[in-house]
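Here is how the chains run, residue by residue.
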Amino acid sequence: MAKEKAQQFPTYRGHPLVRCGDVIYYGSMKDKYVVKLEIKSKKRVQDMDIADRVSIQLMYTDASNRSRKQIVKSSEKSGLYLAIDIADAWLNRALSE
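Rules used throughout
- Every chain begins its residue count from 1, and numbering advances along the sequence as written.
- Given that this is a predicted model, residues contribute local features only at a pLDDT of at least 70 and side-chain atom pairs are listed and counted only at 80 or more, while totals for whole chains, interfaces and linings are drawn from all residues.
- Side-chain metrics in this entry use all non-hydrogen atoms of the structure; hydrogen atoms and water are not considered.
- The salt bridge definition used is simple: a Lys or Arg side-chain nitrogen within 4 Å of an Asp or Glu carboxyl oxygen.
- A run of DSSP states H or I qualifies as a helix once it reaches four residues; a run of E qualifies as a strand once it reaches two. Both are numbered from the N-terminal end.
- Exposure is judged per residue with a 1.4 Å probe applied to protein chains only, and the accessible area is read against the type maximum: over 50% gives exposed, under 20% gives buried, and values in between give partly exposed.
- Any pair of residues with heavy atoms lying within 4.5 Å of one another is described as a contacting pair.
- The definitions used throughout rest on a 1 Å grid laid over the protein atoms alone, on which a cavity is an enclosed set of points accommodating a 1.4 Å probe that cannot get out and a pocket is an open set flanked by protein within 12 Å on both sides along at least five of seven lines; lining residues are those having an atom within 4 Å of a point.
- Grid points are joined across faces, edges and corners, and a volume is the space filled by probe spheres set on the points.
- Note: two strands are recorded as paired if DSSP finds a minimum of 2 bridges between them.
- Axis definition: a line fitted to C-alpha atoms, limited for helices to the stretch in contact. Angles are taken between N-to-C directions and run from 0 to 180 degrees.

Take the pattern of salt bridges next. Enumeration according to the criterion identifies six salt bridges in this entry. The salt bridge involving arginine 13 is made with aspartate 88; its shortest N-O contact spans 3.1 Å. Placement of arginine 13 in the loop between β1 (11-12) and β2 (15-20) and of aspartate 88 in helix α2 (residues 80-96) is noted, with a sequence separation of 75 residues between them. For aspartate 88, a relative accessible area of 5% translates into the label buried.

Moving on to the side chain of glutamine 70. Relative to the helices and strands, glutamine 70 resides in helix α1 (residues 67-70). Once you skip the residues sitting within four places of it in the chain, glutamine 70 turns out to touch Leu58, Met59, Tyr60, Asp62, Ala63 and Asn65.

Let us now look at the layout of surface pockets. If you add up the space inside the largest pocket, you get close to 200 Å³. Around the largest pocket sit Arg19, Asp22, Ile24, Ile39, Lys42, Asp49, Ile50, Ala51, Gly79, Leu80 and Tyr81, which together line it. Every element with two or more residues in the lining of the largest pocket is listed here: β4 (33-45), β5 (48-60) and α2. A total of three residues in the lining of the largest pocket trace back to one element, the largest contributor, which is β5.

Here we take up the sheet that holds β1. Across the sheet, which stays open at both edges, the six strands sit in the order β1-β2-β3-β4-β5-β6 with antiparallel pairing between neighbours. Each edge of the sheet is formed by a strand with only one pairing partner; in this case those strands are β1 and β6 (71-78). For β4 and β5, the ladder comprises 12 bridges, and the chain directions are antiparallel. By the bridge assignment, lysine 42 is partnered in β5 with alanine 51. Strands β1, β2, β3 (23-26), β4, β5 and β6 of the sheet are contacted by α2, whose axis makes an angle of about 15 degrees with β5.

And the structure:
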């Protein structure tokens, strides 16, 4: 019997990225916090859709909290690259507490 390998997600600066449609979760659900990045609008550049406005939410992973109390911090940025850099800073600060 072969050992099954655990599913590997792409990572950014050591934290997993999980995408479902226009929502990207940054961080591990095993940790206390995770960042939710939601693409609000896209723009067409040549033949590709590029994220234009991105909502960022630092959230508790504890499901016992009500949905409004799960959100610790939120913001909206232009572009996915800026949003994910801010998400990384927020997540690293929150996890180091």
